[in-house]
Amino acid sequence: MTHNRRSIIAAVAIVLSAITGIGQAAVTARRPNILFILVDDQSPFDFQFYNPASTLHSPNIDRLAAEGMVFEGAYHMGSFSGAVCTPSRHMIMTGRTVWHLPIGPGAKNHCPPDIVQNTLPAVFNRAGYATMRTCKMGNSYEGANKLFTVRHDASKRGDTDETGSAWHGEQVLNYLKERESSKDTKPFLIYFGFSHPHDTRDGRPELLAKYGAVNHTDPQSLPAANAKQPPLPVNYLPAHPFSHGHPGLRDEEEVSGVWKNRDERTIRNEIGRQFACSENIDIQIGRVLDKLQATGELDNTYIIYTADHGIAIGRHGLQGKQNLYEHTWRVPFVVKGPGIRAGSRAQGNIYLLDVFSTLCDLTGVKPPDSNEGISFKPVLEGKQSTIRDVMFGAYSGGTKPGMRCVKQGDWKLVKFDVLDGMVRETQLFNLAENPNEFLQQHHDPKVVALTGITPTANQVNLADDPRYADKLKEMETLLLSEMLRLHDPDRFWNQPADDLSSPSKDAKQSKNSKKTRFE
């Protein structure tokens, strides 16, 4: 090869390298897309990547978990309403803590009047994103919902493609097809919400059959037993040991197919219905992922999968979402996207309200001053394992003050003060030793015979154990400090009644007998 020819080849190589570099820079410079997937009423323990004993078949969500990061400690913070999804979804849209929302107690003093213009869709619209939403109707922040530039909302809890989860999937697929045909190059934020697996859990017939379940509608009879049905939860109880403090609560008394029943046949059938609806959601997610792959958008898209809160369905003898046990206070939370290590897990210690701040951080969008969440981008990057040391939970949708919990490290305190002081209970758990929050009632031989689980001696509520008196006192103090910091409007029987208007120390850190119906 002559010297001149080698020189020409070298020059061409340099030019090609430069062109390739420019192309790579252009790809790198593209702002990432967001696909935020939110389901209605789902415990993290439904999934095998949290609970290996689960029988739920969810290959597409499992794929997201395998290709992204699973959060062990994701929580919804709480609710002042029996419709727990309402404050939860407001927190997602505003990035604000539970007592600082535009609804509920504290709104006048602790929420900016222009908050709707600083919600998730408003901020991303201003940042040049194309925003699209599909979800159920109601129990959300309507002021924010109507700001999505494309919106297709409807409650779809039926057992057909038109009346069930496939409808929501079609809205996203149609939107992606329209982007493709119009050659829309704007980055997108898609809020992909579902109406299921919230009751009524009318699953598609073939999926119900897979889980041995039926859409039971006769309150005078029990559903048939079926060996295909999922097993009872490990912390199943036939009844909660004391009143949850919300008389007439729909979720505990009137859910079609369950009502007040907590027998094995009812609960196993209802979990089968839950799984049938959840698998249908998984199918729709798979369709959308395939479309993103086909259009070349998948690798530049951050995908979050989560729920607005957990759900009991027989755990601890409860049925609904109005409690603070881990199966209900926690949410499933998976993130896949550019730069996130496949198959990684992190504690996180995040709230759903942190999603807003994190999406801004991942996309280079400035969060509004009204935001109180903390970005967990450093966790996604593997730079730290948590963003908080302390987690707080509240439920006061029934008789006041209701329930509160606080968690630090392995320790968790739960307090109940309901029915005008008739029920005052304290629970202390070491979650490392007792992750299922077993109570003494779980040691009953009749319960053990049903679940096949024999708790160890120390897997109980430790609040009355003198060996843990100092820890109990420490957690009580921690709970009160969080209540003060977050402007909690209530106090418990053994807490001081003053300082109810004490200012927040750090808004960024750790940042009665009537029938009640909620959808």
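Going along each chain's sequence as written, the residues are numbered from 1 onward. Only residues with pLDDT of 70 or above have their local features reported here, since the model is predicted, and side-chain atom pairs are shown and tallied only from 80 upward, although totals for entire chains, interfaces and linings are computed over all residues. Side-chain figures throughout are based on the complete set of non-hydrogen atoms in the structure, without hydrogens or water.

Caption draft 1: Focus on empty space enclosed by the protein. Of the voids in this model, the largest cavity is the one considered here, and its volume is about 30 Å³. His244, Gly245, His246, Tyr395, Gly398, Thr399, Gly402, Met403 and Val418 are the residues that line the largest cavity. Each residue receives one of three labels: charged for Asp, Glu, Lys and Arg, nonpolar for Ala, Val, Leu, Ile, Met, Phe, Trp, Tyr, Cys and Pro, and polar for the others, Gly being one of them. Looking at the lining of the largest cavity residue by residue, the class counts come to 3 nonpolar, 6 polar and no charged. Residues are called lining when one of their atoms sits within 4 Å of a cavity or pocket point, these points coming from a 1 Å grid over the protein atoms alone, where a cavity is a set in which a 1.4 Å probe fits but cannot get out and a pocket is an open set with protein on both sides within 12 Å along at least five of seven lines. Grid points are joined across faces, edges and corners, and a volume is the space filled by probe spheres set on the points.

Caption draft 2: Broad picture of unusual backbone geometry. Note that the residue after histidine 196, namely proline 197, is joined by a cis bond; omega there is 0°. Helix and strand assignments come from DSSP, with helices taken as H or I runs of at least 4 residues and strands as E runs of at least 2, each series counted from the N terminus. With respect to the helices and strands, proline 197 occurs in strand β7 (residues 188-197). In this structure, the amide linkage connecting aspartate 199 to the following residue, threonine 200, adopts the cis form with an omega of 5°. Considering the arrangement of structural elements, one finds threonine 200 in the loop between β7 and α8 (205-210). In this structure, methionine 77 is a non-glycine residue whose phi angle is positive, near 75°. With respect to the secondary-structure elements, methionine 77 resides in the loop between β3 (74-75) and β4 (78-79). One non-glycine residue, asparagine 139, lies in the positive phi region at around 55°. Position of asparagine 139 relative to the elements: it lies in the loop between β5 (130-135) and α6 (142-145). Classification of residues uses two cut-offs on accessible area relative to the type maximum, computed with a 1.4 Å probe and protein chains only: under 20% is buried, over 50% is exposed, and between them is partly exposed. In this structure asparagine 139 comes out as partly exposed when scored by relative accessible area, which is 22%.

Caption draft 3: Focus on the packing of aromatic side chains. Stacked, tilted and edge-to-face are the three classes assigned to paired rings of Phe, Tyr and Trp, where Trp is represented by its six-membered ring and a pair needs centres within 6.5 Å; plane angles under 30 degrees give stacked, over 60 edge-to-face, the rest tilted. According to the stated counting rule, one finds 16 aromatic pairs in the structure shown. Ring centres of phenylalanine 242 and phenylalanine 416 lie 4.8 Å apart, and the angle between their planes is 85°; on these two criteria the pair is classed as edge-to-face. One end of the pair, phenylalanine 242, is in the loop between α8 and α9 (250-253); the other, phenylalanine 416, is in strand β14 (residues 411-418), and 174 residues separate them in sequence. In terms of burial, phenylalanine 242 and phenylalanine 416 fall into one category: buried. Note on tryptophan 411 and tyrosine 468: the rings are 5.6 Å apart at their centroids and 50° apart in plane angle, and the pair reads as tilted. Here tryptophan 411 is found in strand β14, whereas its partner tyrosine 468 is found in the loop between α14 (445-451) and α15 (469-485), with 57 residues between them in sequence. Residue classification places tryptophan 411 among the buried residues on the basis of a relative accessible area of 14%. According to the relative accessible area criterion, tyrosine 468 is buried, its value standing at 16%. An aromatic cluster of at least three residues, connected via ring pairs, comprises Phe47, Phe49, Tyr50 and Tyr305.

Caption draft 4: Examining the sheet that holds strand β8 (residues 301-307) more closely. Pairing between two strands is assigned when DSSP locates at least 2 bridges connecting them. Reading across the sheet, the 8 strands line up as β6-β5-β7-β1-β8-β9-β2-β10 and stay open at both edges, with mixed pairing between neighbours. Strands with a single pairing partner mark the edges of an open sheet, and in this sheet they are β6 (150-153) and β10 (344-346). Taking each pair of neighbouring strands and ignoring which way they run, the sheet shows an average axis angle of 10°. A fitted line through C-alpha atoms represents every axis, and for helices the fit uses only the stretch in contact; the resulting angles, taken between N-to-C directions, go from 0 to 180 degrees.

Caption draft 5: Region of interest: the state of the cysteines. Any pair of cysteine sulfurs within 2.5 Å is marked as a disulfide. Using the criterion set out here, one finds 0 disulfides in the structure. Cysteine 135 takes part in no disulfide bond, and the closest cysteine sulfur, belonging to cysteine 85, lies 9.3 Å away. We classify cysteine 135 as buried; its relative accessible area is 0%. Free of any disulfide, cysteine 277 has its nearest cysteine sulfur in cysteine 135, 15 Å distant.

Caption draft 6: View of the pattern of salt bridges. One speaks of a salt bridge when a side-chain nitrogen belonging to Lys or Arg is within 4 Å of a carboxyl oxygen belonging to Asp or Glu. As enumerated under the stated definition, the model contains 43 salt bridges in all. With a shortest N-O distance of 3.5 Å, glutamate 162 and lysine 156 are connected by a salt bridge. Using a relative accessible area of 13% as the deciding quantity, one classes lysine 156 as buried. Within the structure, one salt-bridge network assembled from shared partners comprises Asp40, Arg89, Lys136, Arg157 and Asp308.

Caption draft 7: The sheet that holds strand β13 (residues 402-408), seen in detail. One open sheet holds the 5 strands; their spatial order is β4-β12-β13-β14-β15, and the pairing between them is mixed. One side of each edge strand has no neighbouring strand; the edge strands of this open sheet are β4 and β15 (423-430). Of the pairings in the sheet, the one linking β4 to strand β12 (residues 390-395) comprises 2 bridges and is parallel in character. Bridge assignment links glycine 78 to a residue of β12, and that residue is alanine 394. Any two residues whose heavy atoms approach within 4.5 Å are treated as being in contact. Strands β12, β13, β14 and β15 of the sheet are contacted by α15, whose axis makes an angle of about 110° with β13.

Caption draft 8: The nonpolar core, seen in detail. The biggest cluster of nonpolar side chains holds 83 residues, and the ones touching the most others in it are Phe71, Ile285 and Phe333. A total of 9 residues in this core trace back to one element, the largest contributor, which is helix α10 (residues 264-294). Core analysis: the second largest hydrophobic core is formed by 48 residues, Phe242, Tyr395, Phe429 and Met475 among them. What is meant by a nonpolar core is a set of buried Ala, Val, Leu, Ile, Met, Phe, Trp, Tyr and Cys residues, joined one to another through side-chain atoms within 4.5 Å.

Caption draft 9: Region of the structure containing helix α3 (residues 85-94). Across the 10 residues that make up α3, a large majority, 10, are buried. Among the residues trailing α3, glycine 95 stands out with phi positive, at a value near 70°.

Caption draft 10: Region of interest: the layout of surface pockets. Computed from the structure, the largest pocket encloses a volume of approximately 390 Å³. Phe45, Asn51, Pro233, Val234 and Arg315 are, among the 24 residues lining the largest pocket, the residues nearest its centre. Listed by contribution, the elements that provide at least two residues to the lining of the largest pocket are α10 and α11 (326-329). Tallied by class, residues from the lining of the largest pocket come to 12 nonpolar, 8 polar and 4 charged. Taken as a whole, the second largest pocket spans an internal volume of roughly 280 Å³. In terms of residues, the lining of the second largest pocket owes the most to one element, helix α7 (residues 165-182), which gives 3 residues.

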